[in-house]
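Tertiary structure, described
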Amino acid sequence: MSHTSAPASPEAGHEPSRSMSEGHLTVGDVVALVEAAAPPGLAASWDSNGLICGDPADPVRSILLAVDPVAVVVDEAINAGVDMVITHHPLYLRGTDHVAATDPKGRCIHRLIRAGIALLNAHTSLDAAHGGVADALAERVGLVSTVPLEPDPASPDQGIGRIGSLPQPVTLRRFAEDVAAALPDSAPGLLVGGDLDAIVERIAVSGGAGDSLLQRAREAGVDVFLTADLRHHPASEHLEAGRPYLLCGTHWATEWVGLEPLARRLTEDAHTRGASLCVQVSRIVTDPWALRLPTGPDRA
């Protein structure tokens, strides 16, 4: 992971703008608020976080939060008339040498600029931060006394994933049912691997793709690891060796839960600074799968 120092608050690295003192924020002000909530130094070295398009001096009175910077989210932003979109995922994770409107990503950029809408993202920085995706996912599924699964070396009380305990032990089946009810719905649903009647109590969670954390979850001695995007061979080989049992949700659902806490924080931080800010969370499911069908000749 990258551990570049980042300001702990907007005041530490950014002077408040004149617009903030006049009752509204600028794009630059919002960037500072997001970086206070999700410090860039917590981001993985391979990641991309920051302002993708937009003028830092432009005013911002309304924001749309979403997981993915895709066409339907751009549609929603334009129709809602917001000034800024903040997504979890970057538009260009590995960079690009063009933004022509000849491909879907370029078209998103062109449409946003024409509509005067800025685009910002906070990815692994928000995953790891206090009150970010990991904390939100742990809270959603009822964990208490949480600590990071993969602590950040420079800030060990933050980091990727969380480990915590349930208020009381339950069967894997019951915990899986509770998790399924707690997550927003998308077509693939929730996959469960392990002994459904086993009693579980100590849980690890990490929103988004979790293959790389399987061994760390085992070393932590947890009973269950909730994550997303688990591939066949890593999951199968892991379960052959025993606990932790696995719950595999969707990438979108396990990260969407971090948007509402961010919306509340941005609204409160703007209010504290004497500015008015309307923040809404997109309810559009941007998981790539639209339908799950049972398979086999005897499917219902």
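In the annotation of an unreviewed UniProt entry, the entry for the protein reads GTP cyclohydrolase 1 type 2 homolog, and the organism field reads Actinomyces oris. What the UniProt record of the protein gives under Sequence similarities (unreviewed entry) is the line "Belongs to the GTP cyclohydrolase I type 2/NIF3 family."

Focus on the confidence of the model for the protein
Atomic detail in the predicted coordinates should be set aside for any region of low pLDDT. Residues of the protein with pLDDT of at least 70 account for 92%, and the chain-wide mean is 93. Contacts for the low-pLDDT stretch residues 1-15, under 50 throughout, to residues beyond four places or in other chains number 32 contacts.

Brief notes about the pattern of salt bridges
Across all of its chains, the model carries 9 salt bridges by this definition. The salt bridge partner of Arg216 is Glu150, with a shortest N-O separation of 3.4 Å. A residue pair is termed long-range when its members are at least 10 positions apart, and Arg216 in helix α9 (residues 214-219) and Glu150 in strand β7 (residues 144-152) qualify at 66 residues. Under the relative-accessibility criterion, Arg216 is labelled partly exposed at 34%.

Here we look at the sheet that holds strand β4 (residues 62-66)
Taken together, the 5 strands give an open sheet; going across it, the order is β2-β6-β5-β4-β13, and neighbouring strands pair in mixed fashion. Of all strands in the sheet, those bounded by a partner on one side alone are β2 (50-53) and β13 (278-281). Mean inter-strand twist for the sheet, computed between neighbouring axes without regard to direction, equals 25°. Sheet strands in contact with helix α12 (residues 259-272) are β4, β5 (84-87) and β13, and its direction is about 180° off that of β13.

Structural notes on the packing of aromatic side chains
The way to describe two aromatic rings as a pair is by their centre distance and the angle between their planes. In this structure the tally under the stated criterion is 1 aromatic pair. Relative to Trp256, the ring of Trp252 has its centre 6.2 Å away and its plane inclined at 40°; by these criteria the two rings are tilted. One end of the pair is Trp252 and the other is Trp256, both in helix α11 (residues 251-256) and 4 residues apart, which spans about a single turn. For the pair Trp252 and Trp256, one class covers both residues: buried.

The rules behind these values
Residues numbered from 1 in each chain as written. Predicted model: local features only at pLDDT ≥ 70, side-chain atom pairs only at ≥ 80, totals over all residues. Heavy atoms only, no water. UniProt positions renumbered as here; feature names shortened; annotations may be inferred. pLDDT = per-residue confidence, 0-100. Contact = heavy atoms within 4.5 Å. Salt bridge = Lys/Arg side-chain N within 4 Å of Asp/Glu carboxyl O. Helix = DSSP H or I, 4+ residues; strand = E, 2+ residues; numbered from the N terminus. Buried < 20%, exposed > 50% of the residue type's maximum accessible area, 1.4 Å probe, protein only. Pairing = 2+ DSSP bridges. Axes fitted to C-alpha atoms, helices over the stretch in contact; angles between N-to-C directions. Phe/Tyr/Trp six-rings, centres within 6.5 Å; stacked < 30°, edge-to-face > 60°.

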